[in-house]
Amino acid sequence: MPDVLVLVDHDGERVHQTTYELLAAARRLGDPAAVLVGTPGTAARLRESLARHGATGVYAAESTEAGEFAGSAAVDALQLAAGTVAPAAVLVSATTDGKEVAGRLAARLDTGVLIDAVDLDSSGTVTQVVFGGSYTVRSEVTHGIPVIALRPGSFEPEERPADPVEHELVLPPIDSAASARVTARRAALAGERPALTEASVVVSGGRGVAGADGFKVVEDLADALGGAVGASRAAVDAGYYPHQYQVGQTGKSVSPQLYIALGISGAIQHLAGMQTSKTIVAVNKDAEAPVFGVADYGVVGDLFSVAPQLTREVAARRGVA
Ligand code: FAD
């Protein structure tokens, strides 16, 4: 089986769930080989988690300055690994950083890149969401090693214990004059909830939530379901909820098992970030709201009446106080 390179998303201590999704997707094409960029010692800390999720190889590019330059080291590491193993494909997460890495790597390798893939078959054909979610197309790279950015949530992580062979990648010196240096990092205030792009349930609020205080009903439902909270751009722009939680074309793309939209009209730019969710539930008092066009289940009603009832019911069934 050919190797399939997977770029590891991590925070130095923990491998992000999106990487496990990529490892599961990679198995459709060959043997998943993790490419990890970090400061010295990172690979030793993360190896066990990668092995548990089926990485048959770990290519570690470690250096003290690896994290200082946005994306550059990851592109270098993937290029080096691709030169070593001639992989069937390179998979990265379709996050903002991942898409940048994918584009730069494809330019370096003179190959094709597919962004925002939501599925992948064993022939390398991907299903992609394009033009802000207006169309779903099937595409394949016809020239060179395919570089594929997969949307978080598109694949289920799987535990598939392996005993990865370790390889060291020696990164070239970074050209600091031509690279963007990260000068400071501040941890996002995530609280107890799962990260938006990793959650299997996302409950989002829109302008219909009518204020920052109104988001309590959104949070309560998310907590009852063990999910993450999202928001429409209108809600974010109005200051109801922090920007980092925006879902949509200019926010985060999510594909959870369950997406609940509360007081969100369903503008195309919002749908672009969530319409690949497996099950969509919408609560809106306007029966004509476009969100009902993508919803699997819809409730025409006042979210301040519907959501608390739902929260109580879910909490009762799950035994949450
Ligand atoms: P509205 O469209 O105002 O809808 C509010 C809804 O709440 C209405 O349907 C109303 O019936 C309902 N409602 C009101 N009160 C209640 C109640 N008590 N109970 C139940 N329902 C109620 N938007 C995004 O979300 N994400 C993006 O990334 C994004 N990117 C954009 C990029 C560009 C270039 C542009 C031009 C726009 C972008 N937008 C984005 C904005 C988008 O076009 C919409 O303006 C926005 O999504 C609307 O948010 P909303 O649905 O919360 O608000």
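Residues numbered from 1 in each chain as written. Predicted model: local features only at pLDDT ≥ 70, side-chain atom pairs only at ≥ 80, totals over all residues. Heavy atoms only, no water.

## Some points on the site of the ligand
Here's step 1: Around the ligand, the structure places 25 residues, and the nearest of them are Arg-207, Ser-232, Thr-250, Ser-265 and Asn-284.
Here's step 2: For the ligand, an oxygen atom lies 2.5 Å from a polar atom in the side chain of Ser-232.
Here's step 3: At 2.7 Å, a side-chain N or O of Gln-269 approaches an oxygen atom of the ligand.
Here's step 4: With respect to the pocket detection grid, the ligand is positioned in the second largest pocket. (Near = heavy atom within 4 Å. Polar contact = N/O pair within 3.5 Å; in protein donor to acceptor, adjacent residues only side chain to side chain. 1 Å grid on protein atoms, 1.4 Å probe; cavity = no way out; pocket = protein on both sides within 12 Å on 5 of 7 lines; lining within 4 Å. Sits in = over half its atoms within 2 Å of the grid points.)

## So, the side chain of Thr-125
Here's step 1: Relative to the helices and strands, Thr-125 is located in the loop between β5 (113-120) and β6 (126-130).
Here's step 2: With near-sequence residues (within four places) excluded, Thr-125 lies in contact with Asp-119, Leu-120, Arg-138, Ser-139 and Glu-140. (Helix = DSSP H or I, 4+ residues; strand = E, 2+ residues; numbered from the N terminus. Contact = heavy atoms within 4.5 Å.)

## Focus: the sheet that holds β5
Here's step 1: If you walk across this open sheet you meet the 9 strands as β7-β6-β5-β8-β4-β1-β2-β3-β9, and the pairing is mixed. Edge strands, defined here as strands with exactly one partner in the open sheet, are β7 (135-139) and β9 (165-168). Between one strand axis and the next, the sheet turns by 35° as a mean value, whatever way the strands run.
Here's step 2: Both β5 and β6 contribute to a ladder of 3 bridges, which runs antiparallel. (Pairing = 2+ DSSP bridges. Axes fitted to C-alpha atoms, helices over the stretch in contact; angles between N-to-C directions.)

## Concerning the sheet that holds strand β11 (residues 228-231)
Here's step 1: Ordered in space as β11-β10-β12-β13-β14, the 5 strands form an open sheet in which the pairing is parallel. Edge positions in the open sheet fall to β11 and β14 (297-300), since each of these has one partner strand only. Ignoring which end each strand starts from, the neighbouring axes of this sheet average 15° apart.
Here's step 2: Across 5 bridges, strand β12 (residues 258-262) lies against strand β13 (residues 279-284) in parallel orientation. Its bridge partner lying in β13, Leu-258 is registered against Thr-279.
Here's step 3: Set on the sheet, helix α5 (residues 215-225) makes contact with β10 (201-205), β11 and β12; between it and β10 the angle comes to about 175°.

## Topic: the side chain of Glu-21
Here's step 1: Take Glu-21: it is sitting in helix α1 (residues 17-26).
Here's step 2: Buried Glu-21, no salt bridge; nearest opposite-charge side chain is Lys-278, N-O distance 7.9 Å.
Here's step 3: Those residues in contact with Glu-21, other than ones at most four positions away along the chain, are Arg-151, Pro-152, Gly-153, Ser-154, Phe-155 and Pro-157. (Buried < 20%, exposed > 50% of the residue type's maximum accessible area, 1.4 Å probe, protein only. Lys, Arg positive; Asp, Glu negative; His and termini not counted. Salt bridge = Lys/Arg side-chain N within 4 Å of Asp/Glu carboxyl O.)

## Focus: the pairing of β5
Here's step 1: Bridge analysis of β5 against strand β8 (residues 147-150) gives 3 bridges, and the strand direction is parallel. Within the sheet, the bridge partner assigned to Ala-117 lies in β8 and is Leu-150.

## Observations regarding the packing of aromatic side chains
Here's step 1: Evaluated as defined, the whole model comprises 2 aromatic pairs.
Here's step 2: Ring centres of Phe-215 and Tyr-241 lie 4.4 Å apart, and the angle between their planes is 15°; on these two criteria the pair is classed as stacked. Placement of the pair is Phe-215 in helix α5 and Tyr-241 in the loop between α6 (233-237) and β12, with a sequence separation of 26 residues. One exposure class covers both Phe-215 and Tyr-241, and it is buried.
Here's step 3: Members of the aromatic cluster, each reached through a chain of ring pairs, are Phe-215, Tyr-241 and Tyr-245. (Phe/Tyr/Trp six-rings, centres within 6.5 Å; stacked < 30°, edge-to-face > 60°.)

## A short note on the layout of surface pockets
Here's step 1: Each pocket or cavity is described by its volume, and for the second largest pocket that value is around 480 Å³.
Here's step 2: Looking at the lining of the second largest pocket, the elements that each hand over two or more residues are α6, α7 (268-271), β13 and α8 (303-318).
Here's step 3: Of the residues in the lining of the second largest pocket, the class split is 7 nonpolar, 14 polar and 4 charged. (Points joined across faces, edges and corners; volume = space filled by probe spheres on them. Nonpolar A, V, L, I, M, F, W, Y, C, P; charged D, E, K, R; others polar.)

## Regarding the domain arrangement of the protein
Here's step 1: Taken as a whole, the protein is organised into domain 1 (3-178) and domain 2 (201-318).
Here's step 2: Placing the centre of domain 1 and that of domain 2 at their C-alpha centroids yields a distance of 31 Å.
Here's step 3: Listed per partner, the contact involves 10 residues of domain 1 and 11 residues of domain 2.
Here's step 4: One can count 0 salt bridges joining domain 1 with domain 2.
Here's step 5: At the surface where domain 1 touches domain 2, the tally comes to 3 residue pairs in polar contact (both at pLDDT 80 or more).
Here's step 6: Across the side of domain 1 that touches domain 2, the residue classes tally to 3 nonpolar, 5 polar and 2 charged. (Domains from an automatic or database assignment.)

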